[in-house]
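Residue strings, one per chain:
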Amino acid sequence: MSRFFTERLSKLEAYTPGEQPKDMKYIKLNTNESPFAPSESVIAAAEREAHRLMLYSDPECTPLVSAFSELYGIDKSELIMTNGSDEVLNFAFMAFSDTSRPIVFPDITYGFYPVFARLNGIPYEEIPLSEDFSVNPEDYIGIGKNIVIANPNAPTGIALSLADIERIVASNPDNVVIIDEAYVDFGAESAVALVPKYPNLLVTGTFSKSRSLAGARLGFGIAQRELIADLNTIKYSTNPYNVNRMTMAAGEAAIRDNAYYMNNCKTVMENREYTRDRLCALGFRVLPSVANFLFAESPDVDGEKLYLELRRRGILIRHFSKERIKNFNRITVGTRAEMDALLAQIENILKGN
Ligand SMILES: *Cc1c(COP(=O)(O)O)cnc(C)c1O
């Protein structure tokens, strides 16, 4: 740390992204990316737009917003596009929380939430997940604080029902409830349908997981127009050109190619169930995930050891050192061939080979 770093931020512990190693070619099952390439039309759209990179991008993301609002059946004023959904989440922390408006979230969830809280000087409280690693909706009913919940949650993959989400939103009318739907396309119920009814609800989403654009950085927020206007105030006060030209073109093409991506999601869900069954047959405890990853522990091999052994064999999964989940690993669901390679190596490790 330099002597110039401000006192206010000197204690900040930055978010640790999953590793993107360059030492060898791994089967990458550690950061929940799609195993499928973007569609041809998305690649072509980004290439065409490269010729116009000398011009700033459109801060209103006009064609992308039109295509998107049509697909989701919402008004353009109810939508903000951002540089990944991490950006809309940070905007929301900045816009709606401060020392007098604290925020709560589960103790085991997306690692960025406590980072955004500390970055913005926001007091926060972590509410423990239930024994079975699910979010207990009762813990959030009428809590009277801002709330952020990933649904499905990460790294567990467990989702709340839409009815439970609605009870949480309805019982906290004076607080903003953020539902982070990064993984919703893999089998959970979306809360977007609740937006017309609740002025305190913000739903966030991303093109990184289900739409094969993690490297392009494209996320979004959906809420009633007043909340979106506040988020735009933050956006225009930090970076009006937050979505670059190539990403905007790619995102619009991806929306038009929706069937391709939803079909990929279906394949991932099938591979998830296949992998879950095989892990269970090997004695693993696997949480009931409706996301594009599985969270699993083996009674026979320590979580960190399994992670290190697989890494040595060219397969990357994600291990977290937090006490309550340190025997688990989060495994991104890839292609069937990737899952078979993973399972073969796990069998070897369990046999001591
Ligand atoms: C991956 C992820 C995000 C954000 O991803 P972006 O690439 O920034 O869109 C947000 N929330 C959760 C829970 C995630 O896992």
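See above for the structure.
What you see is a predicted model; the values in this text were computed from it and never measured.

## Quick notes on helix 3 (residues 84-96)
- The end-to-end C-alpha distance of helix 3 is 19 Å, a good match for the 18 Å that 13 residues give at a rise of 1.5 Å each.
- Counting buried residues along helix 3, 11 of its 13 residues qualify, which places the element largely inside the surrounding structure.
- Every buried residue of helix 3 is listed here: Gly-84, Ser-85, Asp-86, Glu-87, Val-88, Leu-89, Asn-90, Phe-91, Ala-92, Phe-93 and Phe-96.

## Some remarks on the packing of helix 8 (residues 258-281) against helix 10 (residues 336-351)
- Here helix 8 crosses helix 10 at 10°, and the two axes come no closer than 10 Å. It follows from the interaxial angle that helix 8 and helix 10 lie roughly parallel. On the side of helix 8, the interface is formed by Asn-271, Tyr-274, Thr-275, Arg-278 and Leu-279, while helix 10 contributes Arg-336, Met-339, Asp-340, Leu-342, Leu-343, Ile-346 and Glu-347.
- Looking at the contact of helix 8 with helix 10 residue by residue, the classes come out as six nonpolar, two polar and four charged.

## Some points on helix 9 (residues 303-312)
- When helix 9 is considered as a whole, its buried residues turn out to be Gly-303, Leu-306, Tyr-307, Glu-309 and Leu-310.
- In the core, the buried residues of helix 9 are packed alongside strand 11 (315-316), strand 12 (328-332) and helix 10.
- Two residues or fewer past helix 9, Gly-314 is found with a positive phi of approximately 85°.

## Notes on the sheet that holds strand 8 (residues 219-222)
- Overall, mixed pairing links the seven strands, which are arranged 2-8-7-6-5-3-4 in an open sheet. Both outer strands of the open sheet, strand 2 (79-82) and strand 4 (124-127), are each paired with one neighbouring strand and no more. Along the sheet, successive strands turn relative to each other by an average axial angle of 20°, direction set aside.
- With four bridges joining them, strand 7 (residues 201-206) and strand 8 adopt antiparallel strand pairing. Within the sheet, the bridge partner assigned to Gly-205 lies in strand 8 and is Phe-220.
- Its contacts with the sheet place helix 2 (residues 62-72) against strand 2 and strand 8, and it is angled at close to 125° to strand 2.
- Helix 4 (residues 112-119) rests against strand 3 (103-106), strand 4, strand 5 (146-150) and strand 6 (177-180) of the sheet, and its axis sits at about 165° to strand 4.

Cut-offs and rules
Residue positions within a chain follow its written sequence, with the count starting from 1. For this predicted model, a pLDDT threshold of at least 70 governs which residues receive local features, and a threshold of 80 or more governs which side-chain atom pairs are given and counted, while totals over whole chains, interfaces and linings are taken from all residues. Water and hydrogen atoms play no part in the side-chain values, which are based on all heavy atoms of the structure. Going along the chain from the N terminus, every DSSP run of H or I of four or more residues is numbered as a helix, and every run of E of two or more is numbered as a strand. Here, expected helix span is obtained from the residue count minus one, scaled by 1.5 Å. Here's how the labels work: a residue is buried when its accessible area is under 20% of the maximum for its type, exposed when over 50%, partly exposed in between, all with a 1.4 Å probe on protein chains only. Axis geometry follows a simple rule: fit a line to the C-alpha atoms, using only the stretch in contact for helices, then measure angles between N-to-C directions, giving values from 0 to 180 degrees. Should an angle fall under 35 degrees it is called roughly parallel, over 145 degrees roughly antiparallel, and 65 to 115 degrees roughly perpendicular, with every other angle called oblique. By the convention used here, residues are in contact when the closest approach between their heavy atoms is within 4.5 Å. When residues are sorted by character, Ala, Val, Leu, Ile, Met, Phe, Trp, Tyr, Cys and Pro go into the nonpolar class, Asp, Glu, Lys and Arg into the charged class, and all the rest, Gly among them, into the polar class. By definition, two strands form a pair when at least two bridges between them are found by DSSP.

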